Amino acid sequence: MSTIYYLIQNMLPVAIPLLLVALGGMFSERSGVINIALEGIMLFGAFFGALFVYTVQGVDMNPQVLLILGMLIAAFSGWVYSLLLSFAAVTMKANQTITGVSLNMIIPAAILLFSKMFFNSDGITTTKNFYIREVPILSKIPLLGEMFFQRTYLTVMIGFAILIVSIIIFYKTRFGLRLRACGEHPQAADSVGINVYFMRYAGVSLSGILGGIGGFFYSVGVMDGNVSGHSGVAGFGFLALAVMIFGQWKPGRIFFAALFFAFLRTLAYSVSLIPFLDGLGINQTYYKMLPYVATMVVLAFTSKKSRAPKAEGIPYDKSQR
Amino acid sequence: MQGKNSTSQKNKNFLKNITRSSGFSAFSSALVAIILGLVFGFIVMLFAQPENAIKGFRYVLVGGLGRFGSVLYFATPILMTGLAVGFAFKMGLFNIGASGQYTMGMFFAIYVGFMWDLPPGIHWIVAILAGMVGGMIWGLIPGLFKALLNVNEVITSIMFNYIGMYLVDMWIQGNAVMFVSSKSRTNYLPSNVQIPSLGIDGSNVNFGIILAIIIGIVLYIVLQKTTFGYELKATGHNKYASDYAGMKGKKNIILTMVIAGGLAGLGGAFAILAPSAIAGSSMTYEPINIIAANGFNGIAVALLGNAHPIGIIFSSIFISHIQRGGSLAGLVGFKPEIIDVVIGVIIYFSAFAMIMNAALARFVKQHVTRKDEEVVKAKEAE
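From a predicted model like this one, the values you see are computed outputs, not experimental measurements.

Description of the overall build of chain A
A tally of regular secondary structure across chain A gives 13 helices and 4 strands. In summary, chain A has a C-alpha radius of gyration of 20 Å against a globular reference of 20 Å for 321 residues, a match within 12%. For chain A, the spread of C-alpha atoms along the principal axes amounts to about 60 × 45 × 40 Å. For chain A, buried positions account for 53% of its 321 residues.

This is the structure:
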């Protein structure tokens, strides 16, 4: 039983960044813009979040307040960086994949450059501890308390809150409906007076905000608050894209897809702690490959009836009906 | 008077024909993107170290010229991965998995280099071919997934970048002949698997670059002069129309990905089998769970070269040139990462440089024609 608790406690901080970034990708793609730049956006947000934490960590402040402030900074910087994508993809009608790749290329190099110049290292190392041993009161709930409210991070609770807000925005508001229309049939949306360019900017901006937050939560929950230009976010931006496709561009399914991937990854890194798996004597590398292999298997089974937004990847041109 | 006018007219038409060709517009938009990227890099340098910025920037621009051998040597692998990305791009496939194919090719090449006992004359050739096969296998899988199961090749090839990297690192670490655990690197390759050097002093440039350029030209011929190349481009332009015309889309997807993988695999083989300028050593591989950068640089090379094989040959040399320049700028205190930023910015701008160019051309045209009209009107008034 303690192993299961351990796995869940370790899985959630990994699942939340995946969930948030995949939700971001969903908003962007449902508005009609392919966002390959998520990896770069994550790293950008994580970098500025960590930079903020680094500059104020000397001040005596509640770490959880600091985390929320860092999150806001990361969200803002992610949004700013995503504007580069929306400008190229929506206003300039450029190839969305190429733009995304270029944005991914710039950031790790820029971080290495900056960190080498100012910190003489490959990234930012913070000393603030965001770990929560026990949430008061809630951790006393039998079963659930130990799973969700012990040995965790605030990021987990914020992540769940964002998931709920996203579902409401996506399905229950006029904005969400219009956003989805722009990804399916922008001409039709335009003909009933929806500003397609604005909606696409909004979709990409949401992905920037969520991507930035996701990146910062990755650095908090997985990297102990550090950011490195070398390892970056270890392909989480791309994994999030796979999560999004596995989740069929729907928030509820994306949540379960994110949990699935996070579980496999946690399993891969805690093999030595699980007597049964350790006893099998399989090379650890196989477990590390597991999330990627599982993605392939899952996609192989789900892609035939894939429900990708119809207009994604096609720049909207008013003059082409 | 009349004669003079007609020659100027002819010149104008000639110029128009050139400026209107698609090759020219691709070239000029690449140029605009490069200039913007370099200006950005210069601005960053000015912020970082104003006193050394001009010196450093001069290194970036012309520093590579003095070390042309090194430029060619470092251009070889990214030329191959560039071709791998560009070739698939012609078909409308985005082969982001060049890194994995490159790593796989490299592993196959060193495996043959260490584990097979072959006569010295053909050992390196077999090792290169093995590299190609390794890359082909790693390209085949995303191709199969795309063609048979309709899985987006971008996701597949990213996943296979990771799977390939983990596999190769594990295989190398588990092999006592290849791996020196005390140095956590691979052993030096025997000299008869190293590609013959071209003998330029102070650089590792080897026969690989010549092979790579030949392969680029062959690809150009395949794309321009063969049915396969035609079908490939047609599918890239319009998948449904080419399907309707009876082209076998699925077969072509698989074939394209296999060829692209083979090209990237060759890049890996060329990189690892290169001779070293220091006697008794060779290139080594360090299994540290990091995706090969040359694969991603190949994307930059391909995009800058507009996915055209000949364009890719030049763009790979250009990128290698500014990379060398960037490491030379280290002499005055700049970090070489600045070049990676510049390359990223160049690609960003090249994504919409064509549109920017068209707008610029329209602006100039309107301006110039208005002036012409004014001249004509003035003459008429006389």
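That shown, we press on.
As for the overall build of chain B
Regarding its fold elements, chain B presents 14 helices and 2 strands. For chain B, the proportion of its 382 residues judged to be buried stands at 51%. Across chain B, contacts joining residues at least 24 apart in sequence account for 79% of those joining residues at least 6 apart.

Focus on helix α9 (residues 227–237) of chain B
All names here are of chain B. When α9 is considered as a whole, its buried residues turn out to be Glu231, Leu232 and Thr235. On an axial view of α9, the arc spanned by its buried residues comes to 105°, and they lie on one face. Buried positions along α9 lie against α4 (68–90), α8 (207–225), α10 (239–244) and α11 (249–272).

A look at the nonpolar core
Formed by 217 residues in total, the largest nonpolar core has its most connected members in A:Leu18, A:Ala22, A:Val243, A:Ala258, B:Ala109, B:Leu273 and B:Ile347. In terms of residues, this core owes the most to one element, α4(B), which gives 14 residues. Residue-level mapping places this core at the junction of two domains, with at least three residues from each of domain 1 (25–49 + 336–382) and domain 2 (67–333) of chain B. With residues near it in sequence (within four places) discarded, B:Ala109 still touches B:Ala127, B:Ile128, B:Ala130, B:Gly131, B:Gly268, B:Ala269, B:Ile272 and B:Leu273.

Quick notes on the packing of helix α5 (residues 98–115) of chain B against helix α12 (residues 293–304) of chain B
All names here are of chain B. One can describe the packing of α5 onto α12 by two numbers: an axis separation of 7 Å at closest approach and a directional angle of 135°. Looking at the two axes, α5 sits oblique to α12. The chirality of how α5 crosses α12 is right-handed. Note on element contacts: α12 touches α5 through Asn294, Gly295, Phe296, Gly298 and Ile299, opposite Ala98, Ser99 and Tyr102. For the contact of α5 with α12, the class distribution of residues is 4 nonpolar, 4 polar and no charged.

Looking at the environment of B:Pro190
Residue and element names in this part refer to chain B. Topologically, Pro190 is positioned in the loop between β2 (185–186) and α8. Judged by the 14 C-beta atoms lying within 10 Å of it, Pro190 falls in the partly exposed class. A sequence separation of 80 residues divides Pro190 from Ile110, and the C-alpha atoms of the two residues are 10.0 Å apart.

Let's talk about α4(B)
If you look at α4(B), its biggest bend is around 35°, right at B:Thr76, and the proline B:Pro77 turns up within four residues after that. Of all 23 residues that make up α4(B), 22 are buried, and the element is covered over most of its length.

The rules behind the values
- Residues numbered from 1 in each chain as written.
- Chains lettered and ligands numbered in written order.
- Predicted model: local features only at pLDDT ≥ 70, side-chain atom pairs only at ≥ 80, totals over all residues.
- Helix = DSSP H or I, 4+ residues; strand = E, 2+ residues; numbered from the N terminus.
- Rg over C-alpha atoms; globule rule 2.2 N^0.38 Å.
- Buried ≥ 20, exposed ≤ 12 C-beta atoms within 10 Å, placed from the backbone.
- Contact = placed C-beta atoms within 7 Å.
- Arc of directions from axis to C-beta.
- Core = buried A, V, L, I, M, F, W, Y, C linked by C-beta atoms within 7 Å.
- Domains from an automatic or database assignment.
- Axes fitted to C-alpha atoms, helices over the stretch in contact; angles between N-to-C directions.
- Parallel < 35°, antiparallel > 145°, perpendicular 65-115°, else oblique.
- Left-handed = near helix turned anticlockwise from the far one by under 90°.
- Nonpolar A, V, L, I, M, F, W, Y, C, P; charged D, E, K, R; others polar.
- Bend = angle between axes of the 7 residues up to and from the residue.

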